[in-house]
Amino acid sequence: MKSKTFLLPALLSAFLMWLAWPPIPYTTPLLLVALVPLLLAIDSIRQSDVPKKGKKVFLTAGLTFLVWNTACIYWVYNAISAVNNAFVAFLISLIPYGLGALLMTFAFWLYYRLSIVASKKIAYFGLISFYIAMEYLHQTWDLAFPWMTLGNGLAGMHQLAQWYEYTGVYGGSLWILVSNILAFEAYKVFKSKLTGYPKFRPAFIWGLFIIIPAALSLTKYVQYKEKPVPVNVVVVQPNIDPYQKYESLPASEQLQILTHLSDSVAQPNTEYFIWPETAIPRYADEDHIRENPDFLTAQHFLYKYKNASLITGIESTKRNGDQVSSFNTAMQIENSANVQFYHKSKLVPGVEKMPFPGALSILGPVFDGFGGTVGGYKGQQDPGVFYSYGGIGATPVICYESLWGDWIGKSVKNGAQFITIITNDGWWGNTSGKDQHFLYATLRAIETRRYVVRSANTGISGFINQTGDVVKQSKWWTRTALKTDINLNDEITFYTKSGDLIAKLCGLTAIFFALIIPYRKWGKKNKH
């Protein structure tokens, strides 16, 4: 059997997955069939007489997921190459390109191994469990980068994801995987010699599996009504080049830009101003924050907005005995002595924390150009909630943390009535990275049924309502401020209560299915 028999389906799956992925509009439903060519290739390998079938399956699936991941997150190279030479940037980029792809490939390889010793249904259950368990692993370990979780793909057409308020993104992963399996079975039966109803029955089942969740989601989308609890909010996008932020532009001038933009759209009843990640660029000692000149400037700005709170990004330090810790921080300032801090806890591997520090500390110099402290930021154990003087609760989310629905859900469960995301997406340049990051926030709105208020240094800033619709958004690389009235919500969704239940269950079942492989193999040996 020629290698192109496996190569072309693998590349076709990669192409369809890329075509269906945000921010490409209107193609999201392709995710429901995009893995069918890969499943056909694996089935052909299993039924062929080629040697080393397991290796063939691994390489075929690996090609699909490596090409797909690279095509969707190519912008990682842009960020690294801005502060390193091209060769070093290429080598480091292979980590995010290849690591997620490796985990996805391993899931399909385990599925192939299971299909040899177990029934087809068990193998399919195994595939679903293995894949979602690998996604969850990629969300929880030191090298966490859950950017390409399958369920994130529905951010491209959030009207189909309204049931995320019950399942979160792993419900989307489950829907996509099962749909591809049913489509694969329908295709095989259609190509068989069966006639009449049996020939079309699998396709009918597959169609129902797509139509029913989609119809329920669209009905929920149309019928959902927000309770009118308005709060006027201003978001600021100062558009300061992140590579020059700490060098060429004085902190005092950056604060002038922020306050001027805020004043340009604010009104007397504005209750929140949201400034982006590290908007205040100089390190501040949290224990002496009320003496900090940048803090005093920001608080002085608030004097004319008596009921307002300011949520801003800042890099801070805190002393504990002889030890000084650094944080990527969100800070809430009010017209009072009350100051609240939240320390970013989902830290970017390499840039903000060094994964497996004993083994990978040699990579520290590669990430020095991104600001912050390589491997030096600390986080906190639990998500935070900022409460205003008037009792309003806001979830502070810093950049990369917006990928963790479960983490944000815990903050909402603790009393947050809307979500603030402060970020700096300028590292990636004018690429699809900034668009993906913005669109993923629509899923957080649906999961929690909370407004999302997003302030980005260079774009995209905006407001997302409780059904995931973008109410307002800024343009890329534009200095601007936006305002709107958002609606607060204090109702708790099922997903907010239960978290990533699907992923945790799949983790347990994946262990069970994985153990079947050596057990059945051992049983066959004993029979002989």
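Residue indices follow the written sequence of each chain, beginning from 1 at its first position. Local features in a predicted model are, by the rule used here, given only for residues with pLDDT of at least 70; side-chain atom pairs are given and counted only at 80 or more, and totals for whole chains, interfaces and linings are based on all residues. Side-chain numbers come from the whole structure's heavy atoms, not from hydrogens or water.

## Side note on the packing of helix H13 (residues 405–413) against helix H14 (residues 432–448)
This is how it is decided: With axes taken as lines fitted to C-alpha atoms, and helix axes fitted only over the stretch in contact, angles between N-to-C directions fall between 0 and 180 degrees. Each helix corresponds to a stretch of at least 4 residues labelled H or I by DSSP, and each strand to a stretch of at least 2 residues labelled E; elements are numbered beginning at the N terminus. Angles below 35 degrees are treated as roughly parallel, those above 145 as roughly antiparallel, those between 65 and 115 as roughly perpendicular, and all remaining angles as oblique. Crossing handedness is defined as follows: a turn of the near helix away from the far one that is anticlockwise and smaller than a right angle gives a left-handed crossing, while the clockwise case is right-handed. The contact criterion used throughout is that any non-hydrogen atoms of two residues lie within 4.5 Å.
Closest axis-to-axis distance for the H13/H14 pair is 10 Å, and the angle between their directions is 45 degrees. Taken together, the axes of H13 and H14 lie oblique to each other. Every pair of crossing elements has a handedness; the one defined by H13 and H14 is right-handed. Across from Gly-405, Ile-408, Gly-409 and Val-412 in H13, the residues of H14 making contact are Arg-444, Glu-447 and Thr-448.

## Regarding the nonpolar core
Spelled out, the test is: Among buried residues, the Ala, Val, Leu, Ile, Met, Phe, Trp, Tyr and Cys ones that are joined through side-chain atoms within 4.5 Å form a nonpolar core. Exposure categories follow from relative accessible area, calculated using a 1.4 Å probe and restricted to protein chains: below 20% of the type maximum is buried, above 50% is exposed, and the middle band is partly exposed.
Formed by 109 residues in total, the largest nonpolar core has its most connected members in Phe-65, Trp-68 and Phe-108. Here this core takes 13 residues from helix H5 (residues 86–117), the largest share from any one element. Every residue in contact with Phe-65, bar those within four places of it in the chain, is listed here: Leu-35, Leu-38, Ala-101, Met-104, Thr-105, Phe-108 and Tyr-131. By size, the runner-up hydrophobic cluster in this structure holds 28 residues, among which are Val-234, Ile-280, Leu-310 and Met-331.

## Focus on the environment of Thr-167
Structurally, Thr-167 can be placed in helix H7 (residues 164–167). In this structure Thr-167 comes out as buried when scored by relative accessible area, which is 18%. C-alpha separation for the pair Thr-167 and Tyr-495, spaced 328 residues apart in sequence, amounts to 5.6 Å. Ignoring any residue separated from it by four or fewer positions in sequence, one finds Thr-167 in contact with Gly-172, Tyr-495 and Ile-502.

## Some remarks on the pairing of strand S6 (residues 339–343)
Quick reminder of the rule: Two strands pair if DSSP finds at least two bridges between them.
The element S6 is largely enclosed, with a buried count of four among its five residues. Bridge count between strand S5 (residues 323–334) and S6: five bridges; the pairing is antiparallel. Bridge pairing in S6 places Met-331 opposite Phe-341. Linkage of S5 to S6, two consecutive antiparallel strands, is achieved through a turn of four residues.

## Details of the confidence of the model for the protein chain
Note the cut-off: Within a predicted model, pLDDT stands for the predictor's per-residue confidence, ranging from 0 to 100.
Per-residue confidence for the protein chain gives a mean pLDDT of 92, with 94% of residues at or over 70. Contacts from residues 358–364, a stretch scored under 50 in pLDDT, to residues over four places away or in other chains number eight contacts. Low pLDDT (under 50) marks residues 366–374, which in the prediction has 32 contacts with non-local residues, meaning those over four places away or in another chain.

## A short note on the pattern of salt bridges
In plain terms, the rule: The rule for a salt bridge is simple: a side-chain nitrogen of Lys or Arg has to be within 4 Å of a carboxyl oxygen of Asp or Glu.
This model, assessed by the stated rule, comprises 13 salt bridges. The salt bridge partner of Lys-227 is Glu-491, with a shortest N-O separation of 2.7 Å. Placement of Lys-227 in the loop between helix H9 (197–223) and strand S1 (230–237) and of Glu-491 in the loop between strand S13 (480–487) and helix H15 (494–498) is noted, with a sequence separation of 264 residues between them. According to the relative accessible area criterion, Glu-491 is partly exposed, its value standing at 43%. With a closest N to O distance of 2.9 Å, Asp-425 and Arg-454 form a salt bridge. Remark: Arg-454 occurs in strand S10 (residues 452–456) and Asp-425 occurs in the loop between strand S9 (418–423) and H14; sequence separation between them is 29 residues. When sorted by exposure, Asp-425 lands in the same class as Arg-454, which is buried.

## Focus: the packing of aromatic side chains
So the rule is basically this: Ring geometry is summarised as follows: Phe, Tyr and Trp rings, the Trp one being its six-membered ring, pair when their centres sit within 6.5 Å, and such pairs are stacked at plane angles under 30 degrees, edge-to-face over 60 and tilted between the two.
On inspection of all chains with the given rule, the structure shows 27 aromatic pairs. Summarising the aromatic geometry, the rings of Trp-163 and Tyr-164 are spaced 5.3 Å apart at their centres and angled 70 degrees between planes, so their arrangement reads as edge-to-face. In this pair, the class of Trp-163 matches that of Tyr-164, namely buried. Ring centres of Tyr-400 and Trp-404 lie 5.0 Å apart, and the angle between their planes is 70 degrees; this geometry places the pair in the edge-to-face category. Judged by relative accessible area, Tyr-400 falls into the buried class, the value being 4%. Within the aromatic cluster, the residues linked to one another by ring pairs are Trp-21, Phe-65, Trp-68, Phe-108, Tyr-111, Tyr-124 and Tyr-131.

## With respect to the packing of helix H2 (residues 36–47) against helix H3 (residues 53–72)
Selection criterion: The classification used treats Ala, Val, Leu, Ile, Met, Phe, Trp, Tyr, Cys and Pro as nonpolar, Asp, Glu, Lys and Arg as charged, and all other residues, Gly among them, as polar.
The interhelical angle for the contact between H2 and H3, taken along N-to-C directions, is 170 degrees, at an axis separation of 9 Å. It follows that H2 is roughly antiparallel to H3 by the angle criterion. In this structure, H2 contributes Leu-38, Ala-41, Ile-42, Ile-45 and Arg-46 to the contact, and H3 contributes Lys-53, Lys-56, Val-57, Thr-60, Ala-61, Thr-64 and Phe-65. By residue class, the composition of the contact of H2 with H3 is seven nonpolar, two polar and three charged.

## Points about the sheet that holds S10
Reading across the sheet, the six strands line up as S7-S8-S9-S10-S11-S12 and stay open at both edges, with mixed pairing between neighbours. The open sheet is flanked by strand S7 (386–387) and strand S12 (470–473), the only strands paired with a single partner. With two bridges joining them, S7 and strand S8 (residues 393–398) adopt antiparallel strand pairing. Bridge pairing in S8 links Phe-386 to Ala-394. Sheet contacts for H13: S8 and S9; angle to S8, the most-contacted strand, approximately 160 degrees. Packing of H14 onto the sheet brings it into contact with S9, S10, strand S11 (462–464) and S12, and relative to S11 it is tilted by some 35 degrees.

## Observations concerning the side chain of Thr-312
Relative to the helices and strands, Thr-312 is located in strand S4 (residues 309–320). Leaving out residues up to four positions away in the same chain, Thr-312 has contacts with Trp-275, Pro-276, Ala-279, Ile-280, Thr-329, Ala-330, Met-331 and Ile-422.

## Details of the environment of Ala-214
Take Ala-214: it is sitting in helix H9. For the pair Ala-214 and Val-117, spaced 97 residues apart in the sequence, the C-alpha separation amounts to 35 Å. Not counting chain neighbours up to four residues away, the residues in contact with Ala-214 comprise Leu-160 and Trp-175.

## Some details on unusual backbone geometry
The residue after Pro-22, namely Pro-23, is reached through a cis peptide bond having omega 10 degrees. Omega for the bond connecting Gly-459 with Ile-460 falls within 30 degrees of zero, at 10 degrees, which places this linkage in the cis form. Within the fold, Ile-460 resides in the loop between S10 and S11. Positive phi is not limited to glycine here, since Tyr-26 has a value of about 70 degrees.

## Re helix H10 (residues 251–265)
This is how the line gets drawn: The span expected for a helix works out to 1.5 Å for each residue beyond the first.
For H10, built from 15 residues, the straight-helix expectation of 21 Å at 1.5 Å per residue is met to within 8% by its first-to-last C-alpha distance of 22 Å. Residues of H10 that are buried include every one of Ala-251, Gln-254, Leu-255, Ile-257, Leu-258, Thr-259, Leu-261, Ser-262 and Val-265, and no others. Structurally, H10 contributes buried residues whose contacts are with S1, strand S2 (272–274), strand S3 (280–285), helix H11 (293–302) and S13.

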